[in-house]
Amino acid sequence: MAEMMNRLDPMSRAASRGMSDLAIRNLFVIPTIAFLIIFNIFPLIYSLGYSFTDFRASSSAPANFIGLQNYRDLLADPFIWSNFTITAKYVIVSVTGQVLVGFGLALLLNRSFPLKGLVTTLLLLPMMLSMAVVGLFWKLLYDPNFGMINYALGLGNFEWLSDPGIALYAVALTDIWMWSPFVMLLSLAGLSAVPKHLYEAASIDRAGRFYVFFRITLPLVAPILLIAIIFRTMEAFKTFDLAFVMTSQPTTELISIRLYKMAFQEWQTGKSCALAYIVLIMVLTITNIYVKYLNKAKER
Amino acid sequence: MRKLTKGLVAGLGLFLLSGTSVLAQELTIFWAEWDPANYLQELANEYEAQTGVKVTVETTPWADFQTKAFTEFNAHGSAYDLIVGDSQWLGAASEAGHYVDLTDFVKENDVLSKMAPATVKFYSEYPGNSGKYWSIPMEGDAVGWSYRKDWFTDPKEMEAFKAKYGYDLAPPTTWAQLTDIAEFFYRPDAKRYGVAIYTDNSYDAMAMGFENALFSYGGELGDMSTYKVDGIINSPKAVAALDNYKKLYSFAPPGWGKSFFVEDNQAITENLAAMSMNYFAFFPALINPASNPNAANTGFFANPAGPGGDQFAALGGQGISVVSYSENKEEAMKFLKWFIQDDTQKEWAKLGGYTCSAAVLESPEFRNATPYNEAFYQTMFKVKDFWAVPEYAELLTALNQRVYPAVVGGEGTSQETLDALAADWKAIFAKYGRGG
Amino acid sequence: MGTVTSAQQKLGNRLANVMIVVALIVFLAPIYWIGSTAFKPRNLATTVPPTILFTPEVSPFVKLFTKRVQLKPNEKVDYDNAPWWEKIVIDGGERISRSGKGEVQLSGYPSRFLNSLIVAITSTFLAVAMGTITAYGFSRFKVAGEEDWLFFILSTRMLPPVVVAIPMFLMYRAVGLNDTHIGLIILYTAFNVSFAVWLMKGFIDEIPREYEEAALVDGYTRMEAFWKIVLPEAATGIAATAVFCFITAWNEYAFALIMTNRKAQTAPPFIPSQVGSGLPDWTVIASGTALFLLPVAIFTFLLRNHLLRGMSFGAIRK
């Protein structure tokens, strides 16, 4: 039995014999990649395959190959284009807001003061809630008739979610409330890595605060901040629950809401797979640009 | 070592097997999470006491009910033996073979004469008038109205109303009166508003709300047998109905752009509106003083008649169907057989379920049981429903995309809106080869 | 401007403190509202102005844990012989639903909560472990097509869950993983591992290689150097990654809804289901939410020192 355990536990074996770097690399990297490939390959191929058909998962009718028809229909649908415009607006507003608020909070917290641990934990609370629940509560908070926000700010009957021009920003505001802490925590980790002696040197050089911030702080925090931005952008692109629970406006119909309706209400499986691929290509492109910046930031 | 391996393999096997239930003496019914599902569980407990068959009612949030049910169907899952599904699902679920054909069961057990005719027509039969049945009417439901009795009977209000409109303030019997009363009570300065209606466009709420105007105005969604829509959904009657629905929205409380059953009930409990549209199934919460501080002052009326005297309401409610992929179909049939018995239906009504049994509905005992049962009884013989074709959800999406901006955003004229909707629907039907 | 006097610094500090207090108020007001509503009687839940002073009640929690139905007009209940917790429910216009044998029926919440704990803890552990070693592998060794592989790992998180759900469900059903804890654990691990790899690589890249190289010279094996030098230095990253992964797995909604039925259901879909009966009882929704927030909050609070220690050694850059 002991022998068996030994054989099953590569870590201890490796430690005792000293694995080669190559073996360690393979052991560390290959299982994860293999796992992700196995796990994702079927859904990816399935979706791609059906995106060229008129398949409906809810029907027993066989799928017919229709070539690029779904893609053509989607790109010609004005409602879809408006969904994309709305999503772009939402992603920009909400991610920018999160970075500004989150990074600002991190700057405030990046020093020692009493109860720092508690304060940080408390500020992280919003992101610990589930999106659907946050949507429910914020819909209530925004309510013009018995919501707390209008009461607290003395806004009377201000219609946060029913005004087509405001609703999207109201949802983005909730998203900023919820996810700024995420950016804050990562920025904080990055900020604390900036060596003190760099600041001291700057202070001897009589460097201005802006100079210190843009030339020392920001470049050093940039890599981790960019990772935060990449993930927030990807998540914002996928935002569904929040907007779906809070509003009904055509001006807040994000692409993922359209996708949900197409896939799970209308059961146009083939068409929704095509739309998903369009979304995927967009997100891939945007992320690719970010990652290029990230690599540049690291080289500096 | 070998023993250990054997044990592991056996354990793994058991673990994998446990994914599918093979116990015959158990049934699972799937429904949305709401009070009637709890009543059904209590009814099922009695079935267990009588037969020893354990019946579990499994639930999911309303917003996810359709998604969850069809995901399970489409994968031919056997997790549920019976399902209490929406009437619109009939087309999709029967054409794809998800539901067991209950035509013989319905005929052998005389369901047609036991249940109210409208309920069998809308909850069980597909396609319309085909004589093929896929479910047993379980929870009858339709849209009705609640109103503030105290506001309506306030002598000062009554006097002012009479002076302004020339007739007595009372629960409306026509859409014209309904609109007058909504206008009368619309007082933003006093934070009081006229009427609460459905507007949510995330699924079927907008359609269910607008239908009440449309049907009472004598309008129709289209011809249910030829799928002709042009000239019907955009007929003058339909246009007038949409005009009226838009007018009602202007008397709704602020922030009424995403409202469905929860918001409409809150309009009554939070003193926001004089009248509120809602499914009867949600009225129990309004007569419960613990959830509605105005319970004693809340009254109910049936959807009023339109200008031509037509009076119809939008159908809600569900029938119960046997899932084709169930491993316990025999047991499920036995349960249905028990469910349609008169005694069971009486008990179902007593527990709080909205029975579809004609005998129970007509009994004075039922009609006097709550302040709204009478209105419910009247309504259930005058209901109409949305399309039940498999692509109903695409029709809903088109309706939401056209009607929502018109009602909530005030965009375009009603004629333009419904012309566009007619074109959308025509294209959808053409895509699926329906009509000409 | 260059030299900062101590007076200026004090003022700056004080200003920063004020801003932190403001941020705390803004960020916590909705949470406070949820937390206080969890103990309110139902009629005070949505009052305007909000009720600040009230006698706290446990009734929302009793309701949260039991299956209830509304009392019908003239319905008779045995109030006098009911235990105290049932009396609270009856006072609220409802009664507790009982099985045929008269047993109190529990709501789905307790079992779902337990399932959430099992799934979230296990998948977080796996995702962080895999993420850390893989990040180390990418950070320290040459991998052919490194950037492409990393981008592939990232891309697994880009598809909207809505689309993956249908094929994933079919796949799970085929191998018998639907409605099992293992199934959800694998799913959440896969979902979080891309995040864990990227984040951990960000942190491990910052740890100077010189540390390990010195250890290798001292006779450590590469594996020992990883365990004894790199891991402790990466503690901040591991803590942050663990917190994020835990939060994601803990709150995941779409897959939890579709992939599970009775055995492995987690709690997030339960809470919104409470709006089903026409008038939501906000006190129950709030109590369910508050209780559900507790494990994550405690987990984060316990890790706070790691989270805040930062990459304390400072980055030595090339």
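Residues numbered from 1 in each chain as written. Chains lettered and ligands numbered in written order. Predicted model: local features only at pLDDT ≥ 70, side-chain atom pairs only at ≥ 80, totals over all residues.

A. Representation of the overall build of chain B within the structure. In terms of regular secondary structure, chain B is built from 20 helices and 11 strands. Overall size of chain B, expressed as C-alpha extent along the three principal axes, is 90 × 50 × 50 Å. Within chain B, the fraction of its 436 residues that count as buried is 58%. Here the analysis covers contacts within chain B between residues at least 6 apart in sequence; of these, 74% occur between residues at least 24 apart. (Helix = DSSP H or I, 4+ residues; strand = E, 2+ residues; numbered from the N terminus. Buried ≥ 20, exposed ≤ 12 C-beta atoms within 10 Å, placed from the backbone. Contact = placed C-beta atoms within 7 Å.)

B. Seen up close, the overall build of chain C. The helix and strand inventory of chain C stands at 13 helices and 2 strands. Its C-alpha atoms give chain C principal-axis dimensions of roughly 85 × 65 × 35 Å. Looking at chain C residue by residue over its 318 residues, the buried ones come to 51%.

C. Quick look at the interface of chain A and chain B. In this assembly, 25 residues from chain A lie in contact with 30 residues from chain B. When residues of the side of chain A that touches chain B are assigned to their parent elements, the largest contribution, 3 residues, is made by helix α13 (residues 255-265) of chain A. Taken together, the residues of the side of chain A that touches chain B sort by class into 11 nonpolar, 10 polar and 4 charged. (Nonpolar A, V, L, I, M, F, W, Y, C, P; charged D, E, K, R; others polar.)

D. Looking closely at the domain arrangement of chain B. All names here are of chain B. Examined at the domain level, chain B breaks down into domain 1 (17-141 + 317-378) and domain 2 (143-314 + 391-431). Put simply, the middle of domain 1 and the middle of domain 2, counted by C-alpha atoms, are 29 Å apart. On the side of domain 2, 14 residues touch domain 1, which itself brings 15 residues to the contact. The element that contributes the greatest number of residues to the side of domain 1 that touches domain 2 is helix α18 (residues 373-379), accounting for 3 residues. (Domains from an automatic or database assignment.)

E. Here's a closer look at the environment of glycine 278 of chain C. Of note, glycine 278 of chain C is situated in the loop between α11 (254-259) and α12 (282-302). Here glycine 278 of chain C falls in the buried class, since 25 other C-beta atoms lie within 10 Å of it. Considered as a pair, glycine 278 of chain C and valine 164 of chain C are 114 residues apart in the sequence and their alpha carbons are 33 Å apart. Excluding residues within four positions of it along the chain, glycine 278 of chain C makes contact with Phe261, Val262, Asn265, Phe282 and Ala285 of chain B.

F. Structural view of the interface of chain C and chain A. Listed by partner, the interface residues are 80 residues for chain C and 82 residues for chain A. With 12 residues, helix α1 (residues 6-37) of chain C is the largest single contributor of residues to the side of chain C that touches chain A. Class assignment of the residues belonging to the side of chain C that touches chain A gives a composition of 57 nonpolar, 18 polar and 5 charged.

G. How the structure looks around helix α19 (residues 392-408) of chain B. Residue and element names in this part refer to chain B. Taking 1.5 Å as the rise per residue, α19 with 17 residues should run 24 Å; its terminal C-alpha atoms sit 23 Å apart, in good agreement. The principal kink in α19, of about 25 degrees, is found at asparagine 400. Burial runs high along α19: 14 of the 17 residues are buried. Phi for glycine 410, located one or two positions after α19, is positive at around 65 degrees. (Expected span 1.5 Å × (residues − 1). Bend = angle between axes of the 7 residues up to and from the residue.)

H. The arrangement of the confidence of the model for chain B in detail. Averaged over every residue, the pLDDT of chain B is 91; residues scoring 70 or more account for 94%. For the stretch residues 7-23 of chain B, pLDDT sits under 50, and the model shows 8 contacts to residues farther than four places along the chain or on other chains. (pLDDT = per-residue confidence, 0-100.)

I. View of the sheet that holds strand β2 (residues 54-60) of chain B. Residue and element names in this part refer to chain B. Reading across from one edge, β2-β1-β3-β10-β4 is the order of the 5 strands in this open sheet, with mixed pairing throughout. Across the chains shown, the open sheet's two edge strands, defined by having one partner strand only, are β2 and β4 (136-139). Here the average twist between neighbouring strands, direction ignored, is 30 degrees. For strand β1 (residues 26-32) and strand β3 (residues 82-86), the ladder comprises 2 bridges, and the chain directions are parallel. From the neighbouring strand, phenylalanine 30 faces β3, where its bridge partner is isoleucine 83. Against the sheet, helix α2 (residues 35-51) touches β1, β2 and β4, its axis set at about 170 degrees to β2. (Pairing = 2+ DSSP bridges. Axes fitted to C-alpha atoms, helices over the stretch in contact; angles between N-to-C directions.)

J. Geometry of the domain arrangement of chain C. With domains assigned, chain C is organised as domain 1 (6-37), domain 2 (67-96) and domain 3 (109-309). Each of domain 1 of chain C and domain 3 of chain C has a C-alpha centre, and the two are 30 Å apart.

K. Region of the structure containing the sheet that holds strand β7 (residues 273-279) of chain B. Residues and elements named next belong to chain B. If you trace the 4 strands from one edge of the open sheet to the other, you get β6-β7-β5-β8, paired in mixed fashion. Every other strand in the sheet has two partners, leaving β6 (193-196) and β8 (298-302) as the edge strands with one partner each. Adjacent strand axes in the sheet meet at a mean angle of 20 degrees, parallel and antiparallel pairs treated alike. Across 5 bridges, strand β5 (residues 143-148) lies against β8 in antiparallel orientation.

L. Just unusual backbone geometry, in detail. Residues and elements named next belong to chain B. Geometrically, the link from tyrosine 126 to proline 127 is a cis peptide bond, its omega value of -10 degrees lying close to zero. Secondary-structure assignment places proline 127 in the loop between α7 (117-123) and β4. Although it is not a glycine, asparagine 129 sits at a positive phi angle of roughly 60 degrees. Among the secondary structure elements, asparagine 129 is positioned in the loop between α7 and β4. For asparagine 129, a count of 10 C-beta atoms within 10 Å corresponds to the exposed category.

M. Geometry of the pairing of β3 of chain B. All names here are of chain B. Judged by how many residues are buried, β3 sits mostly within the fold: 5 of 5 residues are covered. Across 5 bridges, the pairing between β3 and strand β10 (residues 318-322) is antiparallel. Note on β10: the bridge partner recorded for valine 84 is isoleucine 320.

N. Layout of the packing of helix α10 (residues 175-185) of chain B against helix α12 (residues 236-250) of chain B. Residues and elements named next belong to chain B. Viewed as axis vectors pointing N to C, α10 and α12 meet at an angle of 20 degrees, and their least axial separation amounts to 9 Å. Classified by the interaxial angle, the pair formed by α10 and α12 is roughly parallel. Between α10 and α12 lies a crossing whose hand is left-handed. Residue-level contacts link Trp175, Thr179 and Ala182 of α10 to Asn244, Lys247 and Leu248 of α12. (Parallel < 35°, antiparallel > 145°, perpendicular 65-115°, else oblique. Left-handed = near helix turned anticlockwise from the far one by under 90°.)

O. The environment of glycine 412 of chain B, seen in detail. All names here are of chain B. Tracing the backbone through its elements, the reader meets glycine 412 in the loop between α19 and α20 (414-431). Taking the C-alpha atoms as reference points, glycine 412 and arginine 402, 10 residues apart in sequence, are found 9.8 Å from one another. Filtering out sequence-adjacent residues up to four positions away, glycine 412 remains in contact with Ala406 and Thr417.

P. A look at the packing of α12 of chain B against α20 of chain B. Residue and element names in this part refer to chain B. Closest axis-to-axis distance for the α12/α20 pair is 9 Å, and the angle between their directions is 120 degrees. Between α12 and α20, the angle is such that the two are oblique. Both α12 and α20 take part in a crossing whose hand is right-handed. Contacts between α12 and α20 pair Ala238, Val239, Leu242, Asp243 and Lys246 from the former with Ser414, Gln415, Thr417 and Leu418 from the latter. Of the residues in the contact of α12 with α20, the class split is 4 nonpolar, 3 polar and 2 charged.

Q. Structural context of the confidence of the model for chain C. All names here are of chain C. For chain C, the mean per-residue pLDDT works out to 88, and 96% of the residues sit at or above 70. Per-element mean pLDDT across chain C ranges from 81 in helix α13 (residues 304-309) up to 96 in helix α4 (residues 109-140). Across residues 311-318, confidence stays below pLDDT 50; counting only partners more than four residues off in sequence or on other chains, it has 15 contacts. Listed scores for the predicted complex are pTM 0.90 and ipTM 0.89.

R. Fine view of helix α7 (residues 131-142) of chain A. For α7 of chain A, built from 12 residues, the straight-helix expectation of 16 Å at 1.5 Å per residue is met to within 8% by its first-to-last C-alpha distance of 16 Å. Of all 12 residues making up α7 of chain A, 12 are buried, and the element is well covered by its neighbours. Looking at the buried residues of α7 of chain A, the elements they touch are α8 (148-153), α9 (167-191) and α12 (241-246) of chain A together with α1, α10 (235-251) and α12 of chain C.

S. Looking closely at the pairing of β2 of chain B. Residues and elements named next belong to chain B. With 7 bridges joining them, β1 and β2 adopt parallel strand pairing. When the sheet's bridge partners are listed, glutamate 26 is paired in β2 with lysine 54. Handedness of the β1-α2-β2 crossover: right-handed. (Right-handed = clockwise from strand over helix to strand, strands pointing away.)

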